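Below are the chains, spelled out letter by letter.
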Amino acid sequence: MSNKLLTILIPTFNNSNSFLKIIKLYLKDPRITIFVSDDSKDIKEKRLIKEYCDLYKIKYFDGKRLTPADNWNSLLEKVNTPFFILNHHDEFPSNLYFL
């Protein structure tokens, strides 16, 4: 078990701008770990998402590219904290006060 409190699971698909917007909020909190499963078909978008993950030390996984649910479920298997959030690539929390 991790010493982190919360795992953020982000299934992504062809949208590096939204992905960056999401992670910028979460990166500020040291209690959080982030896992990304990327189903992107657009090579440029996939490369940018991977680069952001490398830059911010986010755990990146190449998505299964079967269905969105398969991508989400593969992330759920990786949770190693007491709590988790499945944060779709187009959902933008306004704050982390719930923590």
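Residues numbered from 1 in each chain as written. Predicted model: local features only at pLDDT ≥ 70, side-chain atom pairs only at ≥ 80, totals over all residues. Heavy atoms only, no water.

A. Inspection of the overall build of the protein at higher detail. Secondary structure assignment for the protein yields three helices and four strands. Counted from the first residue to the last, the protein has its helices and strands arranged as β-α-β-α-β-α-β. In summary, the protein has a C-alpha radius of gyration of 13 Å against a globular reference of 13 Å for 99 residues, a match within 12%. Dimensions of the protein, computed from the C-alpha atoms along their principal axes, are close to 35 × 25 × 20 Å. Looking at the 99 residues of the protein, the share that counts as buried comes to 41%. Partitioning the intrachain contacts of the protein with sequence separation of at least 6 by distance along the chain shows that 80% fall at a separation of at least 24. (Helix = DSSP H or I, 4+ residues; strand = E, 2+ residues; numbered from the N terminus. Rg over C-alpha atoms; globule rule 2.2 N^0.38 Å. Buried < 20%, exposed > 50% of the residue type's maximum accessible area, 1.4 Å probe, protein only. Contact = heavy atoms within 4.5 Å.)

B. Fine view of helix α1 (residues 16-26). Burial analysis of α1 places eight of its 11 residues in the buried class, the great majority of the element. Buried residues of α1: Ser16, Ser18, Phe19, Leu20, Ile22, Ile23, Leu25 and Tyr26, and no others. Looking at the packing, one finds that the buried side of α1 touches β1 (6-12), β2 (32-38), α2 (43-56) and β4 (83-86).

C. Focus on the pattern of salt bridges. Evaluation of the coordinates by the stated rule reveals five salt bridges. Lys46 is paired through a salt bridge with Asp62; the nearest N and O atoms lie 2.6 Å apart. Taken together, the positions of Lys46 in helix α2 and Asp62 in strand β3 (residues 59-62) put the pair 16 residues apart, joining distant regions of the chain. A single network of salt bridges, built from pairs that share partners, joins Asp38, Lys46 and Asp62. (Salt bridge = Lys/Arg side-chain N within 4 Å of Asp/Glu carboxyl O.)

D. Looking closely at the environment of Lys41. With respect to the helices, strands and loops of the structure, Lys41 is situated in the loop between β2 and α2. Judged by its relative accessible area of 62%, Lys41 falls in the exposed class. For the pair Lys41 and Asn14, spaced 27 residues apart in sequence, the C-alpha to C-alpha distance is 6.6 Å. Ignoring any residue separated from it by four or fewer positions in sequence, one finds Lys41 in contact with Phe13 and Asn14.

E. Examining the nonpolar core more closely. Membership of the largest hydrophobic core comes to 18 residues, with the highest contact counts inside it found for Ile10, Phe19, Ile23, Ile34 and Val36. Of all the secondary structure elements, the ones that give two or more residues to this core are β1, α1, β2 and α2. With residues near it in sequence (within four places) discarded, Ile34 still touches Ile8, Ile10, Ile23, Tyr26, Leu27, Ile58 and Lys59. (Core = buried A, V, L, I, M, F, W, Y, C linked by side-chain atoms within 4.5 Å.)

F. Quick peek at the sheet that holds β1. Strand order in this open sheet of four strands is β3-β2-β1-β4, and the pairing throughout is parallel. A strand with exactly one partner marks an edge of an open sheet, and here the two such strands are β3 and β4. Ignoring which end each strand starts from, the neighbouring axes of this sheet average 20° apart. Strand direction decides the pairing type here: β1 and β2, joined by seven bridges, are parallel. Note that in β2 the partner of Thr7 across the bridge is Thr33. (Pairing = 2+ DSSP bridges. Axes fitted to C-alpha atoms, helices over the stretch in contact; angles between N-to-C directions.)

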